[in-house]
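Architecture at a glance
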Amino acid sequence: MDYTVLNVPCADDGQAEILTAELADFPFESFETEGGVLKAYIRREALADCKDGVDALLVRYGTPGRYVVIETQNWNALWESNFPPVDVEGRLRIRAPFHEPAPAGETEVVLMPKMSFGTGHHATTWLMARAVLDLGVADRTGLDMGSGTGVLAIVAAKCGAAHVDAVDIDDWADANCRENVAANGVADRVSPMLGDVRRIAGRRYDFILANINRNILAADMPAYAAALAAGGDLVMSGFLEADLPAIAGAAAREGLTLAGSASRDGWMLAHVRRP
């Protein structure tokens, strides 16, 4: 499966945030800003269905965009050249197999992301990983929805979670998650599952982690609420600070109350809870 990255030069962080919010209405899977350029990643076949709309958006903002295909066989080399270890407050290190091990006493997750996203570098993954450290997941059952590399499920397992389902719709992500789960020695407590939110129908979780995007979070909120046990925690990211009221409102309509929030580089995390 090939991905395309849309490169859009931005005058400042404000413009990058606005364009990210607009592009989030299309099926882009990940965003990052580097050297004044907004990079938006999308599956090549998904782009074919929405490219006219994306191009019209860029014209409306008077911003040129350049599409670059990232072929499957080139992804590892691209990633290895740009992936330093990720540190989460000296408590968690997310690294590649070729990096030095974490210092004694620091939890570590070893990832080989390949074609799936979730290395911890993006602000949303960092926020979610920190939230897992503080959530109190020991001996609880959980769900990592839109799991990508499986990083959040692995962190939860290493924090003592009894079991975590890791669900992703992307077959590459599912395969990569299985590799990473095995490499981190948590295959007995993390179950990768290929599919969408329908895979969790009839299941019950003490905590749910969902780092996806604003539209999917809002659309799938009823399914998350139905799967969340009494007293359970739903932690979400993948949306901008301006979208917090909409996400909190969607949760409130399902009987979930806002327990906390956090932001990083313009991105937001929301923690809601079932009473």
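Residues numbered from 1 in each chain as written. Predicted model: local features only at pLDDT ≥ 70, side-chain atom pairs only at ≥ 80, totals over all residues. Heavy atoms only, no water.

1. Digging into the nonpolar core
Across soluble globular proteins, nonpolar side chains show a tendency to be buried alongside one another. For clarity, the cut-off: By convention a nonpolar core is built from buried Ala, Val, Leu, Ile, Met, Phe, Trp, Tyr and Cys residues, the set being connected through side-chain atoms within 4.5 Å. Using a 1.4 Å probe on the protein chains alone, a residue whose accessible area is under 20% of its type maximum counts as buried, one over 50% counts as exposed, and one in between counts as partly exposed. Labels follow the DSSP assignment, with helices taken as runs of H or I lasting at least four residues and strands as runs of E lasting at least two, numbered in each case from the N terminus.
Within the largest apolar cluster, 34 residues are counted, with the highest numbers of intra-cluster contacts made by Leu92, Val190, Phe207 and Leu209. For this core, the secondary-structure elements that each account for two or more residues are β5 (86–88), β6 (92–95), α4 (123–135), α5 (151–158), β9 (163–168), α6 (171–183) and β11 (205–211). With eight residues, α4 is the largest single contributor of residues to this core. Ranked by size, the runner-up nonpolar core spans 26 residues in total, among them Leu143, Met145, Met221 and Ala251.

2. So, the pattern of salt bridges
As a reminder of what qualifies: What makes a salt bridge here is a side-chain nitrogen of Lys or Arg within 4 Å of a carboxyl oxygen of Asp or Glu, nothing more.
Tallied over the full model, the rule gives 15 salt bridges. Residue Glu89 is joined to Arg130 by a salt bridge in which the shortest nitrogen-to-oxygen separation is 3.2 Å. With Glu89 in the loop between β5 and β6 and Arg130 in helix α4, the pair connects residues that are 41 residues apart, well separated along the chain. For Glu89, a relative accessible area of 42% corresponds to the partly exposed category. Note that Glu106 is salt-bridged to Arg93, the shortest N-O span being 3.8 Å. Highlighted residues: Glu106 in the loop between β6 and β7 (107–110) and Arg93 in strand β6, separated in sequence by 13 residues. Connected through shared salt-bridge partners, Glu89, Arg91, Arg130 and Asp134 make up one network.

3. Describing the side chain of Thr20
We count it as follows: Residues count as neighbours in contact if any of their non-hydrogen atoms are within 4.5 Å of one another.
Within the secondary structure layout, Thr20 lies in helix α1 (residues 13–23). What Thr20 contacts, discounting residues up to four positions off in sequence, is Phe31, Leu38, Leu240 and Trp267.

4. Points about the packing of aromatic side chains
The following threshold applies: Side-chain rings of Phe, Tyr and Trp, where Trp is taken by its six-membered ring, are said to pair if the distance between their centres is within 6.5 Å; with planes under 30 degrees apart they count as stacked, over 60 as edge-to-face, and otherwise as tilted. When the NZ atom of lysine or the CZ atom of arginine is within 6 Å of a ring's centre and also within 35 degrees of its normal, the charge is said to sit over that ring.
In this structure the tally under the stated criterion is two aromatic pairs. With a centroid separation of 6.0 Å and an interplanar angle of 40°, the aromatic rings of Phe28 and Phe31 are classed as tilted. The pair formed by Phe28 and Phe31 is uniform in burial state, with each residue classed as buried. Among the aromatic side chains, those forming a connected cluster through ring pairs are Phe28, Phe31 and Trp267. When the ring centre of Trp126 is taken as reference, the NZ or CZ atom of Arg264 above it lies at 3.7 Å.

5. Side note on the confidence of the model for the chain
Formally: What pLDDT conveys is the predictor's confidence in a given residue, as a value from 0 to 100.
Averaged over every residue, the pLDDT of the chain is 90; residues scoring 70 or more account for 92%. Model confidence for the chain, summarised as mean pLDDT per element, is weakest for helix α3 (residues 72–80) at 56 and strongest for strand β8 (residues 141–145) at 98.

6. Quick notes on the pairing of β6
We apply this condition: Note on pairing: two strands pair once DSSP finds at least 2 bridges between them.
Bridging between β5 and β6 involves three bridges; their strand directions are antiparallel. By the bridge assignment for β6, Asp87 is matched with Arg93. In sequence, β5 turns back onto β6 through a hairpin of three residues, with Glu89 there showing a positive phi of about 55°. With four bridges joining them, β6 and β7 adopt parallel strand pairing.

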